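These are the residues of each chain, in order.
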Amino acid sequence: MIDGVATDSSSTPSSNEKPRRPRRTRMTGAERRQQLLEIGRTLFAAKGFEGTSVEEIAAKAGVSKPVVYEHFGGKEGLYAVVVDREMRRLLDMVTSSLTAGHPRELCEQAAFALLDYIEEYTDGFRILVRDSPIPQSTGSFASLISDIATQVEDILGREFKSRGFDPKLAPLYAQALVGMVALTGQWWLDVRRPKKSEVAAHLVNLAWHGLDGLEAKPRLIGHRKA
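Residues take numbers from 1 onward in each chain, read along the sequence in its written order. Per-residue local features of the predicted model are confined to residues with pLDDT of at least 70, and side-chain atom pairs are confined, for both listing and counting, to 80 or more; whole-chain, interface and lining totals are unaffected and use all residues. Remark: hydrogens and water are excluded; side-chain values derive from all non-hydrogen atoms of the structure.

> A description of the overall build of the protein should follow, citing residues and the corresponding values.
Helix and strand definitions follow DSSP, with helices as H or I runs of at least four residues and strands as E runs of at least two, each counted in order from the N terminus. Secondary structure assignment for the protein yields nine helices and zero strands. Taken from N to C terminus, the helices and strands of the protein fall in the order α-α-α-α-α-α-α-α-α. The buried share of the protein, taken over its 226 residues, is 38%. Working rule for contacts: check all heavy atoms of both residues, and any pair within 4.5 Å makes them a contact. Within the protein, residue pairs in contact and separated by at least 24 positions form 68% of the contacts whose partners lie at least 6 positions apart. For the accessible areas, the method is Shrake-Rupley and the probe is 1.4 Å, while residue cover comes only from the protein chains on display. Working note: accessible area of the protein is about 14,500 Å², and carbon and sulfur atoms make up 52% of it. For the exposure calls, accessible area comes from a 1.4 Å probe over protein chains only, and a residue counts as buried if that area is under 20% of its type's maximum, exposed if over 50%, partly exposed in between.

Here it is, written out as structure tokens:
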């Protein structure tokens, strides 16, 4: 008893006892994997593959290097999974956007889908447009553009057939149109001007009116013919 106040000696730590550390909640394997993917995605977007190290990824996650190797086999494995997830996300956004019936509105929807992805998943787009440092990566931006162009081929093929053009040329025009939007998207990623709706409108303006005035048998006017 001190100054008439009773004390509980059992609740008072002795001078030899160390203060207890708060217990950390242990992540499940799935939670840890997701955490490493998010950290890797951020670092790869900011520093690129070569500028990112396993040590930095592990330090950001508060784990040791072997944990990263356990989940992904190394930096290359983590990078490949990040790229694959972003490619699937973008392709799904473009594919699911193609719902309208009129070809011009389909062009608008495809342009908006890519610009929406750039705006909402900027880190993912920065990773996709970099040259892949892994020879056997799960994919590349070029292969992704090809996949999206395949979705557009059917639309152009039907439009070509109805207008008397050769539908076999639809893949060529699909690559050209999708490539135009993708490269413009890379430029817009940094400048962000004009606003998204204006960018989409100008892209469709060029694409649609270019198709509208398409020649059935285009000719070269310069001196070179081959």
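> Before we move on, could you go through helix H7 (residues 141-163) and cite the residues and values that matter?
In this analysis, the expected span of each helix is defined as 1.5 Å times one less than the number of residues it contains. The end-to-end C-alpha distance of H7 is 32 Å, a good match for the 33 Å that 23 residues give at a rise of 1.5 Å each. At Val152, H7 shows its strongest bend, of approximately 30°. Those residues of H7 hidden inside the fold are in contact with helix H4 (75-97), helix H5 (103-120), helix H6 (122-129), helix H8 (170-191) and helix H9 (196-212). The positive-phi residue at the C-terminal boundary of H7 is Gly164, with phi of around 85°. We define the bend at any residue as the angle between the axes fitted to the seven residues before and including it, ending there, and the seven starting there.

> Let's hear about the pattern of salt bridges: which residues, and what values?
Criterion for a salt bridge: a side-chain nitrogen of Lys or Arg within 4 Å of a carboxyl oxygen of Asp or Glu. Tallied over the full model, the rule gives 10 salt bridges. Across the pair Glu86 and Arg41 runs a salt bridge whose closest N-O atoms are separated by 2.7 Å. Of this pair, Glu86 sits in helix H4 while Arg41 sits in helix H1 (residues 29-47), and the two are 45 residues apart along the sequence. Judged on exposure class, the residue Glu86 and its partner Arg41 are both buried. Taking the shortest distance from any N to any O, the salt bridge between Glu56 and Lys47 comes out at 2.6 Å. Residue classification places Lys47 among the partly exposed positions, given a relative accessible area of 42%.

> So, the nonpolar core: which residues are in play, and what are the values?
Put simply, a nonpolar core is a bunch of buried Ala, Val, Leu, Ile, Met, Phe, Trp, Tyr and Cys residues held in one set by side-chain atoms that sit within 4.5 Å of each other. By size, the foremost hydrophobic cluster in this structure holds 58 residues, and its most contacted members are Ile57, Leu90, Leu128 and Leu156. Per-element tally for this core: the top contributor is H8, with 10 residues. When near neighbours in sequence (up to four residues on either side) are disregarded, Ile57 contacts Leu36, Ile39, Leu43, Phe44, Thr52, Val68 and Leu78. Core analysis: the second largest hydrophobic core is formed by five residues, Leu98, Ala100, Ala110 and Ile155 among them.

> I'd love a proper account of the side chain of Gln35, names of residues and values included.
Structurally, the position occupied by Gln35 is in helix H1. If we ignore the near neighbours within four places in the chain, the residues touching Gln35 are Met27 and Ala61.

> Requested: an account of the environment of Glu50, with residues and values cited.
Following the sequence through the fold, Glu50 ends up in the loop between H1 and helix H2 (54-61). On the accessibility criterion, Glu50 (65% relative accessible area) is exposed.

> I'd love a proper account of empty space enclosed by the protein, names of residues and values included.
Here a cavity means grid points, on a 1 Å grid over the protein atoms only, where a 1.4 Å probe fits yet cannot get out; a pocket means an open set of points with protein on both sides within 12 Å along at least five of seven lines; lining residues are those with an atom within 4 Å of a point. Grid points are joined across faces, edges and corners, and a volume is the space filled by probe spheres set on the points. Evaluated as defined, the whole model comprises three cavities of 30 Å³ or more. Counted as a void, the largest cavity has a volume near 300 Å³. Along the wall of the largest cavity there are 24 residues; nearest its centre are Cys107, Ala110, Val152, Val178 and Val181. Of the residues in the lining of the largest cavity, the class split is 23 nonpolar, no polar and one charged. Approximately 60 Å³ is the volume attributed to the second largest cavity. Residue lining of the second largest cavity: Leu156, Glu159, Phe160, Arg163, Phe165, Trp208, Leu211, Asp212 and Leu214, and that is the complete set. Only H7 and H9 provide two or more residues apiece to the lining of the second largest cavity. Of the residues forming the lining of the second largest cavity, the biggest block, four residues, is contributed by H7. Tallied by class, the residues present in the lining of the second largest cavity amount to six nonpolar, no polar and three charged. In this classification, the charged set is Asp, Glu, Lys and Arg, the nonpolar set is Ala, Val, Leu, Ile, Met, Phe, Trp, Tyr, Cys and Pro, and all remaining amino acids, among them Gly, are polar.

> I'd like to hear about H5, residue by residue, with values.
For H5, which comprises 18 residues, the first-to-last C-alpha distance of 26 Å matches the rise-based estimate of 26 Å (1.5 Å per residue) to within 8%. For H5, the complete set of buried residues consists of Pro103, Leu106, Gln109, Ala110, Ala111, Ala113, Leu114, Leu115, Tyr117 and Ile118.

> Break down the confidence of the model for the protein for me, citing the residues and quoting the values.
Interpretation of this model should avoid reading the predicted coordinates in detail wherever pLDDT is low. Residues at a pLDDT of 70 or more form 85% of the protein, whose mean pLDDT is 84. The predictor attaches a confidence to each residue, called pLDDT, with possible values from 0 through 100. At the level of individual helices and strands, the protein shows its lowest average pLDDT in H7, which scores 83, and its highest in H2, which scores 97. Segment residues 1-7: pLDDT under 50, and two contacts once partners within four positions in sequence are set aside and those in other chains are kept.

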